[in-house]
Amino acid sequence: MEAMAPALSPTPLLDRRQPLARSPRRRRVIPWLAGAAIGVAVDLVGMRFFAPPELLPIWLFGLLVALSVGLLLHELGHLAGGKVAGFDFHRILAGPWMLSKESSGYKLRFLPRRILTTAGHTVMIPRTTDNLRRGFALFAAGGPVMTALLFLPVILLAWGPVASCLLAADLVLAFFSWAPMTIGGSATDGKILLTLAGTGASSDRFAAILYVMAIDNGGVEPRRWPREILDRLAAGAQADDQGIAPAREFRAEAAILLHIHALDEGETEAVAEALERVLREAGGLRPDLRRAYYVEAAFFQGVYRKNANLASAWLEEARKVKGGVTLKDWDAAPLSAIALAEERWEDARRD
């Protein structure tokens with residue numbers, strides 16, 4: 001008698017029967033190209049004013065300070081743009097500093113692991129569905145406009161070491177803000193603005209994401225999100241996009257919203273299917289969100305499927321993620337899920 005072929009899993013990624021897709025090679029190359037560009041800037045600008053090699057570290061320190069201050073001002077530009085648009089503030093991250101709005105009030109955190117990081121983001125949520133594209137364009141443009149204004153001191157100052165540090169920092173910030181591309185799972189301001197102004201699958205999907213953000217902020221429960229909007233979030237995975245961004249753009253963010261909707265409805269298999277969709281797009285998520293969804297996969301396997309081995313494997317996958325913001329006790333939920341699957345009740349309660 002012929003042996004029966006094993007049944008195909010409807011969620012091969014979640015069940016770890018299929019390897020995860022990694023970020024495209026070109027995305028991994030971008031940081032190296034950026035490092036090379038900064039190195040060229042140091043050679044062409046720094047050595048121009050500091051011929052003695054022993055003084056070059058001073059110039060490098062000045063460049064780091066200028067980048068950090070410029071980054072903070074850039075994010076404050078987004079904050080100002082969001083306020084003009086009437087958005088609600090949620091979080092601002094600039095280098096090692098993060099200010100977030102929580103239920104208990106505003107909380108400022110210092111993240112030592114990001115001490116040398118010159119990257120950040122600002123999260124603000126629309127309050128209404130009116131003029132969503134215009135409002136988000138104001139928010140997105142606030143950072144690039146502030147970066148453009150940072151060139152004024154370079155023009156007004158006498159040319160010298162200080163001006164050269166500011167110019168090099170401004171050029172780096174301008175490139176990573178204005179150039180339309182995706183870096184580390186996050187679209188640059190230039191890419192967001194072009195997507196808002198364009199047409200096609202990515203633009204339509206991004207508009208649907210903004211709509212869900214607005215109604216969710218207004219208190220509409222995920223289970224009550226309009227079916228038309230949910231269909232727009234799910235549609236277009238294979239569609240050709242006639243706009244400026246490839247059709248794959250913003251699919252990961254749309255998948256996250258569909259997972260939130262499935263969680264609120266509470267049907268286990270629908271949650272698994274939605275989680276599978278997020279994992280399929282995980283390579284396009286920024287590191288902290290990627291880690292969060294590997295943790296979500298661990299929690300699902302431990303609590304819903306009672307599979308401690310798969311839950312542990314997903315937790316290990318989450319621990320491998322580098323970069324992003326790591327908060328205290330981020331692994332508490334999956335550890336509890338693993339303990340539940342192994343029927344270690346006391347450990348589950350303690351975790």
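Parameters and conventions
Residues numbered from 1 in each chain as written. Predicted model: local features only at pLDDT ≥ 70, side-chain atom pairs only at ≥ 80, totals over all residues. Heavy atoms only, no water. Phe/Tyr/Trp six-rings, centres within 6.5 Å; stacked < 30°, edge-to-face > 60°. Helix = DSSP H or I, 4+ residues; strand = E, 2+ residues; numbered from the N terminus. Buried < 20%, exposed > 50% of the residue type's maximum accessible area, 1.4 Å probe, protein only. Lys NZ or Arg CZ within 6 Å of the ring centre and 35° of its normal. Salt bridge = Lys/Arg side-chain N within 4 Å of Asp/Glu carboxyl O. Core = buried A, V, L, I, M, F, W, Y, C linked by side-chain atoms within 4.5 Å. Contact = heavy atoms within 4.5 Å. Pairing = 2+ DSSP bridges. Axes fitted to C-alpha atoms, helices over the stretch in contact; angles between N-to-C directions. Expected span 1.5 Å × (residues − 1). Parallel < 35°, antiparallel > 145°, perpendicular 65-115°, else oblique. Nonpolar A, V, L, I, M, F, W, Y, C, P; charged D, E, K, R; others polar. Patch = residues over 30% accessible without salt bridge, like charges linked within 9 Å, V, L, I, M, F, W, Y side chains within 5 Å. Areas by Shrake-Rupley, 256 points an atom, 1.4 Å probe, with all protein chains shown as cover. pLDDT = per-residue confidence, 0-100. 1 Å grid on protein atoms, 1.4 Å probe; cavity = no way out; pocket = protein on both sides within 12 Å on 5 of 7 lines; lining within 4 Å. Points joined across faces, edges and corners; volume = space filled by probe spheres on them. Bend = angle between axes of the 7 residues up to and from the residue. Left-handed = near helix turned anticlockwise from the far one by under 90°.

Regarding the packing of aromatic side chains
The geometry of an aromatic ring pair is captured by two quantities: the separation of the ring centres and the angle between the planes. This structure, assessed with the given rule, holds 11 aromatic pairs. For the ring pair Phe 87 and Phe 139, a centre distance of 6.1 Å and an interplane angle of 50 degrees mean the geometry is tilted. One end of the pair, Phe 87, is in the loop between α2 (56–85) and β1 (88–94); the other, Phe 139, is in helix α3 (residues 132–149), with 52 residues separating them in the sequence. Residues Phe 87 and Phe 139 agree in their burial class; the two are buried. Counting every residue linked through ring pairs, the aromatic cluster contains Phe 87, Phe 136, Phe 139, Phe 206 and Phe 250. Of note, Arg 16 hangs over the ring of Trp 314, and the distance from its end group to the ring centre comes to 4.7 Å.

Describing the pattern of salt bridges
The final tally for this structure, using the stated rule, is 15 salt bridges. Between Asp 204 and Arg 232 there is a salt bridge; the shortest N-O distance is 3.1 Å. Placement of the pair is Asp 204 in helix α7 (residues 201–217) and Arg 232 in helix α8 (residues 227–234), with a sequence separation of 28 residues. Using a relative accessible area of 33% as the deciding quantity, one classes Asp 204 as partly exposed. By relative accessible area, which is 24% here, Arg 232 ends up partly exposed. Among the ionic contacts, a cluster of salt bridges with common partners joins Glu 221, Arg 223, Arg 224 and Asp 264.

Description of the nonpolar core
Among the nonpolar cores identified, the biggest contains 29 residues, and Leu 14, Leu 275, Leu 279, Tyr 294 and Trp 314 are the most heavily contacted of them. Mapped by element, the contributors of at least two residues to this core are α9 (251–265), α10 (268–280), α11 (287–303), α12 (308–319) and α13 (332–341). Sequence-distant contacts of Leu 14, that is, excluding residues within four places in its chain, are made with Ala 272, Leu 275, Glu 276, Leu 279, Ala 297, Phe 300, Gln 301, Arg 305 and Trp 314. Formed by 27 residues, the second largest nonpolar core is a distinct cluster that contains Ile 125, Leu 132, Ile 192 and Ile 209.

Quick notes on the sheet that holds strand β3 (residues 105–110)
Whether parallel or antiparallel, the strands of a sheet pair through hydrogen bonds between backbone atoms. On the basis of which strands lie adjacent, the open sheet formed by four strands has the order β3-β2-β1-β4 and antiparallel pairing. Strands at the two margins of the open sheet, each flanked by one partner only, are β3 and β4 (120–125). The sheet shows a mean angle of 15 degrees between the axes of neighbouring strands, direction not considered.

Describing α7
End to end, α7 covers 24 Å across 17 residues, agreeing with the expected 24 Å (1.5 Å per residue, within 8%). α7 sits mainly inside the fold: 13 of its 17 residues count as buried. Of the residues trailing α7, Gly 219 is marked for its positive phi of about 100 degrees.

Considerations on the environment of Gly 70
When you line up the elements, Gly 70 lands in helix α2. In this structure Gly 70 comes out as buried when scored by relative accessible area, which is 4%. Here the alpha-carbon distance between Gly 70 and Ala 94, two residues 24 residues apart in the chain, equals 9.7 Å. Once you skip the residues sitting within four places of it in the chain, Gly 70 turns out to touch Leu 150 and Leu 173.

Section: the packing of α11 against α12
The geometry of α11 relative to α12 is characterised by a closest axis approach of 8 Å and an angle of 170 degrees between their N-to-C directions. When the axes of α11 and α12 are compared, the pair comes out roughly antiparallel. Here Arg 291, Tyr 294, Val 295, Ala 297, Ala 298, Gln 301 and Gly 302 of α11 lie close against α12, whose contacting residues are Leu 310, Ala 311, Trp 314, Leu 315, Glu 317 and Ala 318. When grouped by side-chain class, the residues that make up the contact of α11 with α12 number nine nonpolar, two polar and two charged.

A closer look at a nonpolar patch on the surface
Side chains of Trp 97, Leu 99, Tyr 106, Leu 108, Phe 110, Ile 115 and Leu 116 sit close together on the surface and give an oily, nonpolar patch of about 770 Å² of accessible area. Relative to the helices and strands, Leu 108 resides in strand β3.

Re the confidence of the model for the protein chain
On average, residues of the protein chain carry a pLDDT of 83, and 82% of them reach 70 or more. Here helix α1 (residues 25–49) is the element of the protein chain with the lowest mean pLDDT, 57, and α3 is the one with the highest, 96. Contacts for the low-pLDDT stretch residues 1–6, under 50 throughout, to residues beyond four places or in other chains number zero contacts. Below a pLDDT of 50 lies the segment residues 237–246, which in the model reaches 21 contacts outside its immediate sequence neighbourhood of four places, other chains included.

Some details on the layout of surface pockets
In this approach a probe as big as a water molecule rolls over the atoms, and the regions it shows empty are the leftover space. In this structure, the second largest pocket occupies an estimated 220 Å³ of space. Lining of the second largest pocket is provided by Arg 227, Leu 230, Asp 231, Ala 234, Leu 258, His 261, Ala 262, Glu 265, Ala 270, Glu 273, Ala 274 and Arg 277. Mapped by element, the contributors of at least two residues to the lining of the second largest pocket are α8, α9 and α10. Of the residues contributing to the lining of the second largest pocket, the split by class is six nonpolar, one polar and five charged.

Quick notes on α3
If you check α3, its first and last C-alpha atoms are 26 Å apart, about what 18 residues at 1.5 Å a residue would give, namely 26 Å. Of all the bends in α3, the greatest, near 35 degrees, is centred on Ala 141, and the proline Pro 144 appears no more than four residues after it. All buried positions along α3 are accounted for by Leu 132, Gly 135, Phe 136, Phe 139, Ala 140, Gly 142, Gly 143, Pro 144 and Thr 147. The secondary structure elements touched by the buried residues of α3 are α2, β4, α4 (151–156), α5 (161–178), α6 (189–197) and α7.

Digging into the packing of α9 against α10
As a packed pair, α9 and α10 sit with axes 8 Å apart at the nearest point and diverge in direction by 165 degrees. Put simply, α9 runs roughly antiparallel to α10. Along this stretch, α9 crosses α10, giving a crossing that reads as left-handed. Listed contacts from α10 to Ala 255, Ile 256, Leu 258, His 259, Ala 262 and Leu 263 of α9 are Ala 270, Val 271, Ala 274, Leu 275, Arg 277 and Val 278. When grouped by side-chain class, the residues that make up the contact of α9 with α10 number 10 nonpolar, one polar and one charged.

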